[in-house]
Amino acid sequence: MSLNTLFRGAPRALLVLVAVTLAGCASGAGSGGTGSSFGGGSGGTGCTNTCAADAKECIDGGARTCSIGSDGCAHWGSPVQCKGGDVCEGGSCGPCSDHNQCDNVSVCHTGRCVDASGLKYEFTFVSASIPLKDGNGAAWDAFGGAPDAKMRLFKSDDAVCTTSAAQDDYAPVWNESCSTIVTISDSINFTMVETDAISDDNMEGHTFTDTIAMLKSGGGTIDLGNKTMLTWKVAPK
C-alpha cells in the first residue's frame, strides 16, 4: 500500500509531521552505520603506536628497532644482544672506542669490551710537579738543591720498572713506559724516588685501592702526597 493511499484524507498537518519523522530516521541510519570511533589508533584499528617507525635504541645490552606490526601500529621489537665484545651505540651494535662503554669489570681493547683482569698494560710516567720542600719542610736533596727524581712502579710489592732520574728538577718530564700483566687482585703503587750518589730515598707514593677502576681510568694526574703531582697514563696492549 502506498503512503498516498494510507494517508488519503488525513489532515495536512499530520502529513507534514510524518514526512519530517521519516526524514530524520533516514538521516540517523546514514550516520550511525560506523558506530564508534577508535581513539589513539592507526587507521582505525584500535591500536596505539608505542614508538616512531624505523626508530632504533639501545636497551639491556642490545639494540632494538621500531616497526609496523600486523595491527597497523608501530611497536618496539625484541632487543638483539650485542655479541663478541661489541657495544650498542645509537641503536646499533658495533666496536667500542672508550672504556666507559664497557661494563664495570671490562676495558675497551682493539675495539672490543674484554675482561680487564689478566691483560698486559702499558704504564707511562709523563711528568710531575714537586714542591720545594718535603713534608717535614726540609730540602729533598742532601745538598739543599732540587731532587733527582725518578718513578718506580710496584705490583703487589714487587718492583716492575723504574724511570731514569730527572736531574735537579722540580718539574721532571720522563715520558717513559713499561708493561706488565695486571690482574684484579694485584695492588698497583707508584713511588717517586730521589736518587743520589749514596742511595735512593722514597719521596712520595700512591697505592690504588681499586685496580680495575685505575685501569679503566686511562690515567690522569694524582697527588702522590705533599702536593707532589704526577701525570701518568695506562692502556691495554
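Fair warning: this is a prediction, and the values are worked out from it, not measured in the lab.

*Asks:* Help me understand the pattern of salt bridges, please; the structure alone is not making it clear to me.
*Replies:* A side chain with one charge can pair with a side chain of the opposite charge if their charged atoms come near. This model, assessed by the stated rule, comprises four salt bridges. Taking the shortest distance from any N to any O, the salt bridge between Asp86 and Arg112 comes out at 3.0 Å. With Asp86 in the loop between strand E4 (80-81) and strand E5 (87-89) and Arg112 in strand E8 (residues 112-115), this residue pair connects regions lying 26 residues apart in the sequence. Here Lys150 ties to Asp200 by a salt bridge, and the two come within 3.1 Å at their closest N and O atoms. Here the residue Lys150 occupies a position in strand E10 (residues 149-155), and Asp200 occupies one in strand E14 (residues 200-207), the gap between them amounting to 50 residues. A residue is classified by how much of its surface remains accessible, and Lys150, at 13% relative accessible area, is buried. Judged by its relative accessible area of 34%, Asp200 is partly exposed. Members of the salt-bridge network, linked through shared partners, are Lys150, Arg152 and Asp200.

*Asks:* In this structure, what is going on with the environment of Asn104? I would like to understand it.
*Replies:* Examined against the element boundaries, Asn104 turns out to sit in the loop between strand E6 (92-94) and strand E7 (106-109). The spacing of Asn104 and Lys216 is 112 residues in sequence and 8.5 Å in space, taken between C-alpha atoms. Discounting chain neighbours no more than four positions away, the residues touching Asn104 are Ile212 and Lys216.

*Asks:* Help me understand the sheet that holds E10 in this model?
*Replies:* In a beta sheet, neighbouring strands are held together by backbone hydrogen bonds and run either parallel or antiparallel to one another. Reading across the sheet, the four strands line up as E11-E10-E13-E14 and stay open at both edges, with antiparallel pairing between neighbours. Sheet topology places strand E11 (158-162) and E14 at the edges, where each strand pairs with a single neighbour. Shown here is a sheet whose adjacent strand axes are inclined to one another by a mean of 30°, direction ignored. Bridging between E10 and strand E13 (residues 188-195) involves seven bridges; their strand directions are antiparallel. From the neighbouring strand, Met151 faces E13, where its bridge partner is Met192.

*Asks:* Honestly, the state of the cysteines in this entry has me stumped. Any pointers?
*Replies:* Among covalent bonds in proteins, the disulfide is the one between the sulfur atoms of two cysteines. In the structure shown here, the tally under the stated rule is seven disulfides. Note that Cys82 is cross-linked by a disulfide to Cys93, the S-S spacing being 2.0 Å. Disulfide Cys82 to Cys93: torsion about the S-S bond roughly -80°, handedness left-handed. Residue Cys82 is found in the loop between E4 and E5, and its partner Cys93 is found in strand E6; the two are separated by eleven residues along the sequence. When its relative accessible area of 35% is taken as the criterion, Cys93 is described as partly exposed.

*Asks:* What exactly am I supposed to notice about the nonpolar core here?
*Replies:* Core analysis: the largest hydrophobic core is formed by 30 residues, its most contacted members being Tyr121, Phe123, Trp174, Phe190, Met192 and Leu230. When contributions to this core are tallied by element, the ones reaching two or more residues are strand E9 (119-129), E10, strand E12 (173-182), E13, helix H3 (211-217) and strand E16 (229-236). Among the elements that line this core, the one with the most residues is E9, at five residues. Apart from residues no more than four positions distant in its own chain, Phe123 is found in contact with Leu153, Glu176, Ser177, Cys178, Thr180, Val182, Ile188, Phe190, Met214, Leu215, Lys233 and Val234.

*Asks:* I'm lost on the sheet that holds E9 in this one. Help?
*Replies:* The four strands lie next to each other as E12-E9-E16-E15, forming an open sheet whose pairing is antiparallel. Only two strands of the sheet have a single neighbouring strand rather than two, namely E12 and strand E15 (219-223). When the angles between neighbouring strand axes are averaged without regard to direction, this sheet yields 25°. Across five bridges, E15 lies against E16 in antiparallel orientation. The residue of E16 that forms the bridge with Gly220 is Trp232.

Quick notes on the rules
Residues numbered from 1 in each chain as written. Predicted model: local features only at pLDDT ≥ 70, side-chain atom pairs only at ≥ 80, totals over all residues. Heavy atoms only, no water. Salt bridge = Lys/Arg side-chain N within 4 Å of Asp/Glu carboxyl O. Helix = DSSP H or I, 4+ residues; strand = E, 2+ residues; numbered from the N terminus. Buried < 20%, exposed > 50% of the residue type's maximum accessible area, 1.4 Å probe, protein only. Contact = heavy atoms within 4.5 Å. Pairing = 2+ DSSP bridges. Axes fitted to C-alpha atoms, helices over the stretch in contact; angles between N-to-C directions. Disulfide = S-S within 2.5 Å. Core = buried A, V, L, I, M, F, W, Y, C linked by side-chain atoms within 4.5 Å.

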